[in-house]
Amino acid sequence: MALIGSIQDFNLFSIFTMIKSQNKIGTFVVQNENASVKIVIDSGSVIGINSSKHDMDDGLLLNLMRLGLISPEEMQSIADIHTRTLKSIKKIAVESNLVPIQNIQTALTMQTMDIICPIFCWKDGNYRFDSIVASVASKPDDKIFPAISIDAILLEAAQFVDEWPYINEHLPDYSQSLVRTTKSKSATDEGSNISENAVSMEKAEMPLSHQEEVVLSYFQQPNSINDIISTSKFSELETCKCIASLLENKFLKIYGHETLQTPSMLLQISDIKKKQMKMFAQSSALFWPSIAIFILIPFVSYLPIGEKSINKGIAGICRHDTQISNKQTEERIAIVKVLNSAKVVEKSISVPTGLSENDLINKKIAELFEKNTPNPDKNR
C-alpha cells in the first residue's frame, strides 16, 4: 500500500499520528525542491533515517564529539577505519569497542531529531508512505539504531514548530559572526555566584540559565551561528534559542566582517578530512600509470608482427608497404597482382603466368579467366 499526498493538503502531524495508530511498517519519504528525508518506521517507532542534505556518517561522528562521548584521538581512529573499509561509522564504533552502544544511540537520537523536526515547518512539499510486510528491524545493522517513539518525535516537533518562528526572527544570518559583550564577560565571571533569589529591575541583568552559560562559553572568540551549532552539545533548537536570548539580553552582539578563527572542534574535523584526502591521494598515486599499462600492453600485442599475433584483423590499418609474413595475406596480395596484370586482347583476357610464387594460385586464376572468357568459335 502506498500513501501519497501534498503537505499543503495533509499536515505531517496528522500523517504520523495515523501511521502510529495503525502500527504501520514501511518507509516514509518527505521532499521539497531543496531536500528529501527518508524515515523508516516500524510499529509506531522510527528505526532509521536518511537525508539528502546531511552526511549521516559525518553527522554521527560530529555528534559523538559534540556530546563529549569520544575523544579527538578516538574520532581520528574511527575516521581512519571508515576511510579504509568504507563501513558505516556506527558499525565501526561498535566493532572497535571504542564507543558503547548506548552512547551511539544517544548521538543517533540527537541526529534524528535535528533532521526530522525542521520538516514539520515546511510549507510545501510532497510525502509518500510505502508499506512493507517484513520488518526492516530484523536487519543486524538496524539493531544499532534506537527505536524512537513517534510520540516523542511529535512532542519535540510541536515544540520546534511553536518556538522556531520567534527564534528565527531574532537571529541574524547564520554566517554572521557574533562576539561577546563586556556585560557577558562580567556575567560569566560571576557565574554560579549569582544568587537564585537575586532580583533585578532589568531583564538584561537576569542570571543566565545553564544552557545559556554553556552556549555563551562557545564565544570565547568571534564565531558564526553555523559554527556554534556544529560545536554545541545541545540540539539546534536549544542552541539557537540560547543565542537569540543572549542577543536580546545584549550578552552577544554582531561582530562585523572581520576574519574569524575556526572553532577547535571544526579544525579537528577539517584536519581529519584533509588526512583522509591525503590517504586517498597516496593510495591512488599508481592509478593512472596502471591504466596506461593496461591500455598499452594489449595494444602492442595486437600489432600484426607475425602469424602468432593476437588480432590479425588490425593489419587493415597498416601502411600498404608493410611487410606481413602471414601466408594467407600473401596469397590474397598475389591474387590482386594477377588481376591487375590481366589484359584484354581482342575481346579475350590474357593472364600472364608466374606472377605469384604459389603455382596453385596461378593455376586457379588461369582456369577462372579461361572459363569466363568468351570463345569466338562457339559463338559461330
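Here the structure is a predicted model, which means the values were calculated and not measured.

*Asks:* Which residues make up the overall build of the protein chain, and what values do they have?
*Replies:* Counting secondary structure elements, the protein chain contains 15 helices and 11 strands. For the protein chain, buried positions account for 37% of its 380 residues. Excluding contacts between residues fewer than 6 apart, the proportion of contacts in the protein chain whose partners are at least 24 apart in sequence is 69%. For the protein chain, the exposed area adds up to about 23,600 Å²; of that, 54% sits on carbon and sulfur atoms.

*Asks:* Which residues make up the nonpolar core, and what are the values?
*Replies:* Phe28, Ile39 and Ile243 are the most contacted members of the largest nonpolar core, which has 70 residues in total. Top element by residues in this core is helix H5 (residues 101–119). It accounts for eight residues. If we skip the residues at most four places from it in the chain, Ile39 touches Phe16, Gly26, Thr27, Phe28, Val46, Gly48, Ile49, Ile116 and Ile119.

*Asks:* Outline the confidence of the model for the protein chain, listing residues and values.
*Replies:* The predicted model of the protein chain has a mean per-residue pLDDT of 75, with 61% of residues at 70 or higher. This stretch, residues 135–141, has a pLDDT under 50; its non-local contacts, to residues over four places away or in other chains, come to 13 contacts. A low-confidence stretch, residues 191–204 stays under pLDDT 50, and its non-local contacts, those more than four residues away or across chains, total nine contacts.

*Asks:* So what's going on with the environment of Gln22? Which residues, and what values?
*Replies:* Inspection of the secondary structure puts Gln22 in the loop between helix H1 (12–21) and strand S2 (25–31). Taking the C-alpha atoms as reference points, Gln22 and Ser43, separated by 21 residues in sequence, lie 8.0 Å from one another.

*Asks:* Describe the sheet that holds strand S1 (residues 2–6), listing the residues and the values that go with them.
*Replies:* Taken together, six strands build an open sheet; the order of strands is S1-S5-S2-S3-S4-S6 and the sheet is antiparallel. At either margin of the open sheet sits one strand with a lone partner, and together these are S1 and strand S6 (148–149). In this sheet, strand S5 (residues 126–131) lies alongside S2 in antiparallel orientation, the contact comprising six bridges. Among the inter-strand pairings, Gln31 is bridged to a residue of S5, identified as Asn126. On top of the sheet, H1 reaches S1, S2, strand S3 (36–42) and S5; it is set at about 175° to S2, its chief contact.

*Asks:* Explain the pattern of salt bridges to me, using residue names and the numbers behind them.
*Replies:* Inspection of every chain in the model, using the stated rule, returns four salt bridges. Note that Asp151 and Lys20 form a salt bridge whose closest N and O atoms lie 3.7 Å from each other. You can see Asp151 sitting in helix H6 (residues 150–169) and its partner Lys20 sitting in helix H1, a full 131 residues away along the chain. Here Asp151 falls in the partly exposed class, since its relative accessible area comes to 44%. Between Lys87 and Glu95 there is a salt bridge, with its nearest N and O atoms 3.1 Å apart. A residue is classified by how much of its surface remains accessible, and Glu95, at 49% relative accessible area, is partly exposed.

*Asks:* Which residues make up the packing of aromatic side chains, and what are the values?
*Replies:* Per the stated rule, a full pass over the model turns up five aromatic pairs. Consider the rings of Phe16 and Phe120, whose centres lie 5.5 Å apart with planes at 35°: the pair is tilted. Taken as a pair, Phe16 in helix H1 and Phe120 in the loop between H5 and S5 lie far apart in primary sequence, 104 residues in all. Summarising the burial analysis for this pair, Phe16 and Phe120 share the class buried. Between Phe160 and Trp164, the ring centres sit 5.0 Å apart and the planes meet at 10°, which makes this aromatic pair stacked. With Phe160 and Trp164 both in helix H6, this residue pair falls four residues apart, about one helical turn. Taking the relative accessible area as the measure of exposure, Trp164 reaches 14% and is therefore buried. Ring pairs connect the aromatic residues Phe13, Phe16, Phe28, Phe120 and Tyr127, which therefore count as one cluster.

*Asks:* Account for H5, naming residues and giving values.
*Replies:* An ideal rise of 1.5 Å per residue puts 27 Å on 19 residues; H5 measures up with 28 Å between its terminal C-alpha atoms. Buried within H5 are the following residues: Ile104, Ala107, Leu108, Met110, Gln111, Thr112, Met113, Asp114, Ile115, Ile116, Cys117 and Ile119.

*Asks:* Explain the side chain of Ser6 to me, using residue names and the numbers behind them.
*Replies:* By the element assignment, Ser6 lies in strand S1. Filtering out sequence-adjacent residues up to four positions away, Ser6 remains in contact with Gly125, Asn126 and Tyr127.

*Asks:* An account of the packing of H6 against helix H10 (residues 236–248) is needed here, citing residue identities and associated values.
*Replies:* Packing of H6 against H10 brings their axes to within 10 Å, and their N-to-C directions diverge by 35°. Crossing of H6 against H10: the hand is left-handed. Across from Gln159, Phe160, Glu163, Trp164, Tyr166 and Ile167 in H6, the residues of H10 making contact are Glu236, Leu237, Glu238, Cys240, Lys241, Ala244 and Glu248. Considering only residue class, the contact of H6 with H10 consists of seven nonpolar, one polar and five charged.

The rules we used
Residues numbered from 1 in each chain as written. Predicted model: local features only at pLDDT ≥ 70, side-chain atom pairs only at ≥ 80, totals over all residues. Heavy atoms only, no water. Helix = DSSP H or I, 4+ residues; strand = E, 2+ residues; numbered from the N terminus. Buried < 20%, exposed > 50% of the residue type's maximum accessible area, 1.4 Å probe, protein only. Contact = heavy atoms within 4.5 Å. Areas by Shrake-Rupley, 256 points an atom, 1.4 Å probe, with all protein chains shown as cover. Core = buried A, V, L, I, M, F, W, Y, C linked by side-chain atoms within 4.5 Å. pLDDT = per-residue confidence, 0-100. Pairing = 2+ DSSP bridges. Axes fitted to C-alpha atoms, helices over the stretch in contact; angles between N-to-C directions. Salt bridge = Lys/Arg side-chain N within 4 Å of Asp/Glu carboxyl O. Phe/Tyr/Trp six-rings, centres within 6.5 Å; stacked < 30°, edge-to-face > 60°. Expected span 1.5 Å × (residues − 1). Left-handed = near helix turned anticlockwise from the far one by under 90°. Nonpolar A, V, L, I, M, F, W, Y, C, P; charged D, E, K, R; others polar.

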